[in-house]
Amino acid sequence: MEERQGVILLGHGSIREEANVEVRGMWRMLAEQLPELTISGSFVEVAQPTLEEEVTRLVDAGMKRIVIVPMFLTRGNHLSNKIPHTLDTLRKKYPHIQIELTRHLGVDPLLAEIIKNRLREAGVE
């Protein structure tokens, strides 16, 4: 039997719901583009669901492996401190579940392409 795995796209969370709607849009887009995967999302703070809530939901749904993708450009305080602490707590709570964190978005040629596209859209050539 194939191991059941889920993917959580982790956003920061904002008091501005418009920002959270944009992040949720990315979750939906990736879920549509990768229908063979169980893709959901959560937020580090302010917005729902929290990372803890989403991990619990996936565990309750029978996932044995959860891969978390932080949608962060830089390795700030959340990636250096808060998220590792949260993951330590979740791993202790669910020792039978494999919980992994991928690298953040960071410096990447694909992001440079997006910036170049934005410049072209603004008429900068």
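In case you missed it, the structure is sitting above this.
All values derive from a computational prediction rather than experimental measurement. (Residues numbered from 1 in each chain as written. Predicted model: local features only at pLDDT ≥ 70, side-chain atom pairs only at ≥ 80, totals over all residues. Heavy atoms only, no water.)

Draft legend 1. Representation of the environment of Glu-52 within the structure. Here Glu-52 is to be found in helix H2 (residues 51–60). For Glu-52, a relative accessible area of 37% translates into the label partly exposed. Sequence-distant contacts of Glu-52, that is, excluding residues within four places in its chain, are made with Thr-86 and Leu-90. (Helix = DSSP H or I, 4+ residues; strand = E, 2+ residues; numbered from the N terminus. Buried < 20%, exposed > 50% of the residue type's maximum accessible area, 1.4 Å probe, protein only. Contact = heavy atoms within 4.5 Å.)

Draft legend 2. Just the environment of Pro-35, in detail. Relative to the helices and strands, Pro-35 resides in the loop between helix H1 (17–33) and strand S2 (38–43). For Pro-35 and Glu-121, which are 86 residues apart along the polypeptide, the C-alpha to C-alpha distance reads 30 Å.

Draft legend 3. Seen up close, the sheet that holds strand S3 (residues 65–70). Taken together, the four strands give an open sheet; going across it, the order is S2-S1-S3-S4, and neighbouring strands pair in parallel fashion. At either end of the open sheet lies a strand with only one pairing partner, and these are S2 and strand S4 (98–101). Here the average twist between neighbouring strands, direction ignored, is 25°. Bridging between S3 and S4 involves four bridges; their strand directions are parallel. Its bridge partner being in S4, Arg-65 is matched across the sheet by Gln-98. Contacts from H1 reach strand S1 (5–11) and S2 within the one sheet, and its direction differs from that of S2 by about 165°. Taken strand by strand, helix H3 (residues 77–93) contacts S1, S3 and S4, and its axis lies near 175° from that of S4. (Pairing = 2+ DSSP bridges. Axes fitted to C-alpha atoms, helices over the stretch in contact; angles between N-to-C directions.)

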